[in-house]
Amino acid sequence: MTTVSELAKRLGLPANEVLRELARHGSYPKAKSSRVDAALAQKVASKLQPAEGSDFSGDTGDTGEPDAKSRDSSQQTAGSQDQPDDLPAVQRPAVVGGSSLTEEASSHHPVRTTVKLSGDRQSQPARTPDHLLYAPDNLAKASDIRPLVAAARQAEISKRPILIDLSQVGNFWPNACAPLAAVVQAIKAQGVDTVFRGATPVLEAARVRNPLEADRATLSSHRIENTVWAYFSESQASALADEIVGLVRRSAEVAAGVQESLNLCLYEVLDNVFQHSEAECGFLMATVTGQGKRLALAVADMGIGVRESFMKSTSRYRPKSHFDALTIAVQSGVTSTGDKRGQGLFLLSEMVRDNGGRLELTSGRAYLRTGNRPDGRELDSVPIFKDRAGLFVDWQLDFRNPVNLHDALGGTAPVIFTDLENFENDSGEHVIKIADHEGGTGSRRAASELRNYILNVRTLGAHRLVLDFEGVAMVGASFSDEVVGKLVEGFGIVGFMRAFEFRGMNPTVETLVNRSVELRMGKENPPAIRRPPKA
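Reading the values: the criteria
- Residues numbered from 1 in each chain as written.
- Predicted model: local features only at pLDDT ≥ 70, side-chain atom pairs only at ≥ 80, totals over all residues.
- Heavy atoms only, no water.
- Helix = DSSP H or I, 4+ residues; strand = E, 2+ residues; numbered from the N terminus.
- Buried < 20%, exposed > 50% of the residue type's maximum accessible area, 1.4 Å probe, protein only.
- Contact = heavy atoms within 4.5 Å.
- Areas by Shrake-Rupley, 256 points an atom, 1.4 Å probe, with all protein chains shown as cover.
- Pairing = 2+ DSSP bridges.
- Axes fitted to C-alpha atoms, helices over the stretch in contact; angles between N-to-C directions.
- Parallel < 35°, antiparallel > 145°, perpendicular 65-115°, else oblique.
- Nonpolar A, V, L, I, M, F, W, Y, C, P; charged D, E, K, R; others polar.
- Expected span 1.5 Å × (residues − 1).
- Salt bridge = Lys/Arg side-chain N within 4 Å of Asp/Glu carboxyl O.
- Core = buried A, V, L, I, M, F, W, Y, C linked by side-chain atoms within 4.5 Å.
- pLDDT = per-residue confidence, 0-100.
- Phe/Tyr/Trp six-rings, centres within 6.5 Å; stacked < 30°, edge-to-face > 60°.
- Lys NZ or Arg CZ within 6 Å of the ring centre and 35° of its normal.
- Right-handed = clockwise from strand over helix to strand, strands pointing away.

Draft legend 1. Summary view of the overall build of the protein chain. In terms of regular secondary structure, the protein chain is built from 16 helices and 19 strands. Sorting the 535 residues of the protein chain into buried and exposed places 54% on the buried side. Sequence separation of at least 24 residues holds for 73% of the intrachain contacts in the protein chain that already meet a minimum separation of 6. By element, 49% of the accessible surface of the protein chain is carried by carbon and sulfur atoms, the whole surface being about 23,500 Å².

In structure tokens form, the structure reads like this:
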């Protein structure tokens with residue numbers, strides 16, 4: 001055994017450089033007099049002996065060796081440039097589409113902390129020992145962000161800028177990308193400069209460096225999936241929740257109760273930022289995995305955290321640790337507001353349990369995992385921000401498994417909000433306007449999304465749907481087969497005619513639809529699908 005100071009002296013390096021290298025190996029000594037295991041000391045010595053004493057890597061594995069599957073240099077075209085961020089912490093609202101919006105007053109957020117994690121301009125500052133380096137091999141779990149938090153704590157004292165090098169990132173998932181955005185915003189709020197380097201085109205497209213603000217105009221013009229979003233208000237949280245539900249409906253035919261559960265829980269979790277965390281905004285990223293079988297979603301904020309929310313509230317709960325706070329937060333009837341509002345984390349945990357999905361909550365030094373493999377603990381060695389414990393919600397939902405909310409909530413049937421009323425016309429009919437389908441009416445892939453959407457709307461309780469083709473000039477043959485042909489095949493001719501009605505088809509579209517049904521059913525003269533007579 002040796003101490004940090006003794007190891008630094010032996011290597012001829014400042015003790016802080018040794019501390020950073022220890023953090024790279026997943027060890028966070030509390031002081032320079034802390035003891036270091038001999039095997040770990042040897043690894044650190046072998047790493048620091050060549051030079052690069054200023055490196056602060058995000059590799060949290062046991063060996064500390066770089067990922068053998070590092071990306072080919074030809075794919076790292078963005079890695080040849082640094083992306084500096086020299087904006088002050090409080091200046092402008094989020095970047096949308098690469099350009100800054102003008103500042104606007106808001107009763108909720110009169111001055112917004114910029115979500116712009118990096119400047120638009122590109123430059124190549126020299127690599128100097130003045131930088132604290134965060135260089136993860138993967139962004140695949142919340143713990144991959146710990147070295148960045150540790151670097152931020154050091155930067156608070158040393159006032160050194162942080163270089164975030166993403167050139168070696170292999171896998172990246174929402175449960176690390178959303179927390180990364182939240183942590184970088186917290187770093188900026190401390191007045192610490194951050195410089196991004198090496199973000200690949202895929203990471204750039206995911207807006208890891210520059211999250212998009214979730215206003216309705218931006219949501220309608222950008223993909224919702226595989227993108228980091230920032231939301232500043234309850235209305236933006238609501239719009240974001242609507243888009244996620246729409247993503248699920250298009251992605252797969254989901255089991256009973258999944259849509260209702262998602263609607264019930266998602267907004268509650270997003271709204272936590274404004275009701276409990278005291279954070280200015282939250283961050284979200286979602287992706288559909290497993291060939292359209294699962295939703296992976298992460299929500300993150302760097303607010304006061306769950307424990308402090310309880311301590312500052314009028315509720316009777318006074319948790320002793322971050323882990324205690326998480327265990328209380330997922331209990332029935334518990335909320336830090338002290339009343340019966342907002343049981344979002346409890347509802348979410350029960351829904352995930354019934355679905356067979358996965359939920360992991362991280363706040364401060366603690367994590368709590370529910371689902372098939374429950375786990376949780378307080379980790380004293382984990383670095384955290386002062387007064388900013390934050391909350392990271394990592395949530396996976398299986399589309400194939402039904403959710404019985406009545407059973408999941410102990411026999412209490414909640415009032416389930418669905419947006420079925422949004423499909424009603426003045427006559428009370430449920431109508432889907434095909435022309436509004438964002439994927440178009442040409443390809444089989446777009447048709448598959450529309451068919452999933454139609455079936456999922458029926459699951460909500462619309463037992464007869466009007467499919468309105470008004471404004472659709474043409475459909476592809478594969479589109480017609482994937483939507484109408486497969487629906488007729490699945491329901492049967494009689495069942496289909498009971499469940500659906502066509503309106504607004506022009507003669508060309510009607511001919512293509514009838515032909516697709518004929519081919520799908522293997523009949524030369526199937527019953528024609530006719531338009532209703534004009535009134």
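Draft legend 2. Quick look at the side chain of T370. Relative to the helices and strands, T370 resides in strand β14 (residues 366-371). Overall, T370 belongs to the buried group, its relative accessible area being 17%. Discounting chain neighbours no more than four positions away, the residues touching T370 are S349, R358 and L359.

Draft legend 3. Region of interest: the sheet that holds strand β17 (residues 430-433). Spatially, β17-β18-β19 is the arrangement adopted by the three strands of the open sheet, whose pairing is parallel. Both outer strands of the open sheet, β17 and β19 (500-503), are each paired with one neighbouring strand and no more. Averaged over all neighbouring strand pairs, the angle between strand axes comes to 25°, with direction disregarded. Running at roughly 155° to strand β18 (residues 465-468), helix α14 (residues 444-459) makes contact with β17, β18 and β19 of the sheet. Set on the sheet, helix α15 (residues 477-499) makes contact with β18 and β19; between it and β19 the angle comes to about 105°.

Draft legend 4. Looking closely at the packing of α14 against α15. The geometry of α14 relative to α15 is characterised by a closest axis approach of 6 Å and an angle of 30° between their N-to-C directions. Classified by the angle their axes make, α14 and α15 are roughly parallel. Between α14, through R444, A446, A447, S448, L450, R451, I454, L455 and R458, and α15, the contact on the second element is made entirely by S478, F479, D481, E482, V483, K486, L487, F491 and A499. Taken together, the residues of the contact of α14 with α15 sort by class into 10 nonpolar, two polar and six charged.

Draft legend 5. Spatial organisation of helix α4 (residues 146-158). Helix length check: α4, at 13 residues, gives a terminal C-alpha distance of 18 Å against a target of 18 Å (1.5 Å per residue), a fit within 8%. Buried positions along α4 lie against β6 (132-134), β7 (162-165) and α5 (174-189). Count one or two residues on from α4 and you reach K159, which has phi positive near 60°.

Draft legend 6. Region of interest: the pattern of salt bridges. All chains considered together, the criterion is met by 24 salt bridges. The salt bridge partner of E350 is R353, with a shortest N-O separation of 3.0 Å. Taken together, the residues E350 and R353, both in helix α12 (residues 344-355) and three residues apart, mark about one turn of the helix. The residue R520 makes a salt bridge to D481 at a minimum N-O spacing of 2.7 Å. You can see R520 sitting in helix α16 (residues 507-521) and its partner D481 sitting in helix α15, a full 39 residues away along the chain. By relative accessible area, R520 is classed as partly exposed at 26%. Using a relative accessible area of 13% as the deciding quantity, one classes D481 as buried.

Draft legend 7. Region of the structure containing the sheet that holds strand β12 (residues 294-301). Strand order in the open sheet formed by eight strands is β9-β10-β11-β12-β16-β13-β14-β15, and the pairing between neighbours is mixed. Where the open sheet ends on each side, the last strands, each with one partner, are β9 (212-213) and β15 (375-378). In this structure, β14 lies alongside β15, joined through four bridges in antiparallel fashion. Bridging from a neighbouring strand, A366 pairs with E378 of β15.

Draft legend 8. Quick look at the nonpolar core. In terms of nonpolar packing, the biggest core is built from 57 residues, with L240, L270, L295, L297, L348 and W395 touching the most fellow members. With residues up to four places along the chain from it excluded, the contact list for W395 reads L262, C265, L266, L295, A296, L297, L348, M351, V352, R358 and L359. Counting residues in each nonpolar core, the second largest holds 42 residues, with L139, A142, L148 and V183 among its members.

Draft legend 9. Fine view of α15. With 23 residues, α15 ought to run about 33 Å at 1.5 Å a step, yet its terminal C-alpha atoms sit only 23 Å apart, falling short of that. Along α15, the residues that are buried comprise F479, S480, D481, E482, V483, V484, G485, L487, V488, F496 and A499. Of the surrounding elements, those touching the buried residues of α15 are α14, β18, β19 and α16.

Draft legend 10. Geometry of the confidence of the model for the protein chain. Scored by pLDDT, the protein chain has a mean of 77; 75% of the residues are at 70 or more. Contacts of residues 50-128 to residues separated by more than four positions or lying in other chains number 209 contacts, the stretch itself having pLDDT below 50. Low pLDDT (under 50) marks residues 338-342, which in the prediction has seven contacts with non-local residues, meaning those over four places away or in another chain.

Draft legend 11. Quick peek at unusual backbone geometry. Residue R207 is not a glycine yet carries a positive backbone phi of 60°. Note on placement: R207 falls in the loop between α6 (201-205) and β9. Looking at R207, the relative accessible area reads 15%, which means it is buried. Unlike most non-glycine residues, N226 shows phi in positive territory, near 55°. Relative to the helices and strands, N226 resides in the loop between α7 (216-221) and β10 (229-231).

Draft legend 12. Geometry of the side chain of R250. Following the sequence through the fold, R250 ends up in helix α8 (residues 234-251). Judged by its relative accessible area of 12%, R250 falls in the buried class. If we skip the residues at most four places from it in the chain, R250 touches I224, E438, S448, E449, N452 and Y453.

Draft legend 13. Region of the structure containing the packing of aromatic side chains. Summed over all chains, the structure comprises seven aromatic pairs. Relative to Y453, the ring of F423 lies with its centre 6.1 Å away and its plane at 65°, an arrangement referred to as edge-to-face. Taken together, the residues span a long stretch of sequence, with F423 in the loop between α13 (405-408) and β17 and Y453 in helix α14 at a distance of 30 residues. The buried category is assigned to F423, whose relative accessible area is 11%. Through pairs of rings, three or more aromatic residues link up here, namely F469, F491, F496, F500 and F502. Here R249 stacks its cationic end above the ring of Y453, 6.0 Å away from the centre of that ring.

Draft legend 14. Layout of the pairing of β19. In this structure, β18 lies alongside β19, joined through four bridges in parallel fashion. Pairing of L465 across the sheet is with F500, part of β19. Viewed along the sheet, the connection from β18 through α15 into β19 turns out right-handed.

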